[in-house]
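Reading the structure
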Amino acid sequence: MAATQKIRRRRWPFFFLLLVALWVLPPTFLSSPYYLRLVSFGWINAIIALGLNMAVGVAGQINLGQAAFVGLSAYVTAMLIKLVGWTWLPSAVAGIVGTVVAGTAVGWVSNRLRGPYLAIVTLGFNLVFQILLLTQVDFTGGPMGLRVKAPEIFGVKMNMQAIYIVLFGFFILIYMLCRLIYYSKIGRNFRATRDDEIVARIMGVNTVRAKVQACMFSAFCAGVAGVLFLLNYLFIAPAAFTPMQSFRYLAMVVIGGLGNLLGSVLGALVITFIPEFLRVWPGLWDVVLGGSILLVLLLFPKGLGFFGEYLSTLFSQKKIEQRWTGQIRSPGGEQ
Amino acid sequence: MLVLNSVTKCFGGVIAVHNLTMHLEEGEILGLIGPNGSGKTVTVNLCTGVYPPTSGLITLDGVVLNKLKPWDINRLGLTRTFQTLRLWGGMSVVENVMTAYGRFMPASFWSTLVRLPHARREEKIAREAALEALDAVGMAEFANKLASDLSFGQQRLVELARALVSKPKYVLLDEPAAGLRAGLIVQLGELLQKLNREQGIAFLVVEHRIRLIVNICSRIVVLDHGEKIAEGPPSDVLKNERVIIAYLGRRRTRDTDMEVANVDD
């Protein structure tokens, strides 16, 4: 045991270096705004997928409207900046708070409807949201969307590099939060609710509270991602928050492995980057998406997270097998 | 004392439990037997708050359970195991047991999230309690295994550990011996008696294996078609004519042959 810890401590710097590299290298070397925006978009999607995974994969509450939550936060922020004239920070906070309130409503619904019924309600929410965006042209700009100015820090306009740094910071924060929740009493209550709700209730888990917490956290992630989305593109349009997009987020979670946090990150990156390489053949993307989901589910039923687990063994000496089995560790011990 | 006072439970037109009055005293082992479909599991479900009774009153040490949420009933010191295996398969064995320890984990969401000292201490105590409970049923070495990877018998024992970790005063066991081989059943009986003797836990044992019931129970309640047909010490109850009829049917004599024939029509 002592030896394992020693090795893990020795490998810790490598992990840290990788993190810093991912944080610093893209804004330094990616001169093309297209590629930098794309990488940023990958991390934004990872945040959304992580949040969705906490609700769907960890707590077992199916949500087919995650794109609407992202959109809600982005639109509230943009409208406050543009129509009310607030600055970025309070608008962003209001956007995230508004999204968490909407998440609480979903949590409330999830205590009355389960499984497919909950899925239909959240899908319906996304459709309604989409229609509101398209019809309320005075507020949302309709199909043309909304454009905002980049925020200023001490009078200096944030450039793309600065935005990437902030954005990646938020990604790390959300990932840590997910882990802190997963490996604690809160996460155990989520997973117990997912695996067998009736037993969880009898064994003293307040499942009503657990579901609301899971949906709120999921919405919080979507809210943060929505603000970052707006920050990254400085432009939003209804096309980015369609029910189809919600399915893509769900696909990221499923491809990564339900309940697997690192897997969600991998799934999000894969689903963000692959279509960009396929731009040469328009229309092929959806075929590849569907095909890859089938392939992953057939070959790796537990998702791409397997590779994530394998990668993480490079940084710690734990056997893959042990990691598979929901390993035991002291809370926050390995962060 | 867990008391059911003329409790009735209907599902639509089906009366699963009819006007049942019984009690589980502190520190006793009570057997609850009856043919299939006689309402034993429904009784256990009613006591643990899975669904409320249609009429009647269930109290635990004077507290009315009728409208309490299951997790609140758990906090009063009443817990159970299940007829079929119902561990949380996606979690490790020790996590399964730790989750059931929530009764003694009052730390708030935020202090748990940011790992404040008292939340850390609470988590550590929960882990120790879980390992101790696993050790008590001889499953400590499997603590880090995924629950769904265990064999049937092992999962049964983990379920027992999960029920016992929260230091309950009353445990309702729904067919604890189902699917266990004979040797294990004897061990299970000894384990229950030991827990009863040393920790004063009261058990309600729902079982089909009469020998286990006779060995460990001081009192038996017999249900048939949702009604109590007998109650008392095992030796008396098993001689009771209504019990024998419910379980085995009537002795074949000329008179009853006629009756049976009539009933069949």
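Only a predicted model underlies this, so the values are computations on that prediction, with no experimental measurement involved.

Moving on, we get to the overall build of chain A. Counting secondary structure elements, chain A contains 15 helices and four strands. Scored against the burial criterion, the 335 residues of chain A give a buried share of 47%. Long-range contacts, defined here as pairs at least 24 residues apart, represent 78% of the contacts in chain A between residues at least 6 apart.

Before going further, it helps to examine the domain arrangement of chain B. Residues and elements named next belong to chain B. The assigned domain composition of chain B is domain 1 (2–77 + 168–264) and domain 2 (89–163). Taking the mean C-alpha position of each, domain 1 and domain 2 sit 29 Å from one another. If you look at the interface, domain 1 gives seven residues, while domain 2 gives five residues. For the side of domain 1 that touches domain 2, the per-class residue count stands at four nonpolar, two polar and one charged.

Residues and elements named next belong to chain A. The terminal C-alpha atoms of helix α5 (residues 116–135) lie 29 Å apart, and with 20 residues this matches the ideal 28 Å at 1.5 Å per residue to within 8%. By the burial criterion, the buried members of α5 are L118, T122, F125, N126, F129, Q130 and L133. The arc that holds the buried residues of α5, viewed along the axis, is 135°, so those residues lie on one side. Facing away from the buried side of α5 by over 90 degrees, the exposed positions are P116, V128 and I131. Each element contacted by the buried residues of α5 is listed here: α3 (66–84), α4 (88–110), α6 (137–140) and α11 (243–256).

Looking now at the sheet that holds strand β4 (residues 55–60) of chain B. Residue and element names in this part refer to chain B. Strand order in the open sheet formed by four strands is β2-β1-β4-β5, and the pairing between neighbours is antiparallel. Of all the strands in the sheet, just β2 (14–24) and β5 (63–64) have a single pairing partner and so form its edges. Across two bridges, β4 lies against β5 in antiparallel orientation. Bridge pairing in β5 places L60 opposite V63. On the sheet, helix α1 (residues 40–48) packs against β1 (2–11), β2 and β4 and is oriented at approximately 65° with respect to β2.

Residue and element names in this part refer to chain B. Pairing between strand β9 (residues 219–224) and strand β10 (residues 227–232): five bridges, direction antiparallel. The residue of β10 that forms the bridge with I220 is G232. Counting the residues between successive antiparallel strands, the hairpin from β9 to β10 contains two residues, one of them, H225, with a positive phi of roughly 50°.

What follows is about the interface of chain B and chain A. A common measure of how large an interface is: the accessible area buried when the components associate. Each side of the interface is counted separately: chain B has 34 residues, and chain A has 28 residues. Where the side of chain B that touches chain A is concerned, the elements lending two or more residues are α2 (70–75), β6 (78–80), α3 (93–99), α4 (109–113) and α5 (117–136) of chain B. Tallied by class, the residues present in the side of chain B that touches chain A amount to 13 nonpolar, eleven polar and ten charged.

Residues and elements named next belong to chain A. Note that F129 resides in helix α5. Measuring from C-alpha to C-alpha, the distance between F129 and P238 comes to 9.1 Å, with 109 residues separating the pair along the chain. Excluding residues within four positions of it along the chain, F129 makes contact with A68, G71, L72 and F241.

Residue and element names in this part refer to chain B. Notably, R115 is not glycine yet its phi reads approximately 60°, a positive angle. Relative to the helices and strands, R115 resides in the loop between α4 and α5. Notably, E175 is not glycine yet its phi reads approximately 50°, a positive angle.

Calculation criteria
Residues numbered from 1 in each chain as written. Chains lettered and ligands numbered in written order. Predicted model: local features only at pLDDT ≥ 70, side-chain atom pairs only at ≥ 80, totals over all residues. Helix = DSSP H or I, 4+ residues; strand = E, 2+ residues; numbered from the N terminus. Buried ≥ 20, exposed ≤ 12 C-beta atoms within 10 Å, placed from the backbone. Contact = placed C-beta atoms within 7 Å. Domains from an automatic or database assignment. Nonpolar A, V, L, I, M, F, W, Y, C, P; charged D, E, K, R; others polar. Expected span 1.5 Å × (residues − 1). Arc of directions from axis to C-beta. Pairing = 2+ DSSP bridges. Axes fitted to C-alpha atoms, helices over the stretch in contact; angles between N-to-C directions.

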